Amino acid sequence: MKKSILTTLFFAVLDFLCMTIGVLLGNLLDQTGNMFYAPAFTALVGGSVYMILVAKVPRFGAITTIGLVIALFFLGTKHGAGAFLELSVVS
């Protein structure tokens with residue numbers, strides 16, 4: 001049980017880093033200043049991390065935990081009520 005919690009938190013941090021890399025790639029390739037391509041690059045970079053998490057931790061709550069971490073980060077950085085939409089999309 002403790003190992004699966006630590007694995008989930010590790011993958012939450014790794015998924016957050018992949019999301020950061022995906023947003024940076026979207027901003028580097030599209031110089032107009034909008035975030036149109038950021039979700040696509042985030043999915044391309046972080047999709048493999050998500051699939052590895054699903055394979056390693058086949059218990060309920062791992063994906064919800066990652067969604068909560070990302071939603072709380074968005075809420076803490078003043079992205080507003082849209083932060084909890086991330087949780088509903090991930091879960």
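Structural data are supplied above this passage.
Residues numbered from 1 in each chain as written. Predicted model: local features only at pLDDT ≥ 70, side-chain atom pairs only at ≥ 80, totals over all residues. Heavy atoms only, no water.

Caption draft 1: Fine view of helix α2 (residues 38-56). The first and last C-alpha atoms of α2 sit 27 Å apart over 19 residues, in line with the 27 Å expected at 1.5 Å per residue. If you look at α2, its biggest bend is around 45°, right at G46. Within α2, burial applies to A38, T42, G46, V49 and L53. The inward-facing, buried residues of α2 contact α1 (2-29) and α3 (62-76). (Helix = DSSP H or I, 4+ residues; strand = E, 2+ residues; numbered from the N terminus. Expected span 1.5 Å × (residues − 1). Bend = angle between axes of the 7 residues up to and from the residue. Buried < 20%, exposed > 50% of the residue type's maximum accessible area, 1.4 Å probe, protein only. Contact = heavy atoms within 4.5 Å.)

Caption draft 2: Local environment of the packing of α1 against α2. Close contact between α1 and α2 brings their axes to 6 Å; oriented N to C, the two are set at 165°. Here α1 is positioned roughly antiparallel relative to α2, judged by the angle of their axes. Crossing geometry of α1 relative to α2 is assigned as right-handed. Of the residues in the contact of α1 with α2, the class split is 14 nonpolar, six polar and two charged. (Axes fitted to C-alpha atoms, helices over the stretch in contact; angles between N-to-C directions. Parallel < 35°, antiparallel > 145°, perpendicular 65-115°, else oblique. Left-handed = near helix turned anticlockwise from the far one by under 90°. Nonpolar A, V, L, I, M, F, W, Y, C, P; charged D, E, K, R; others polar.)

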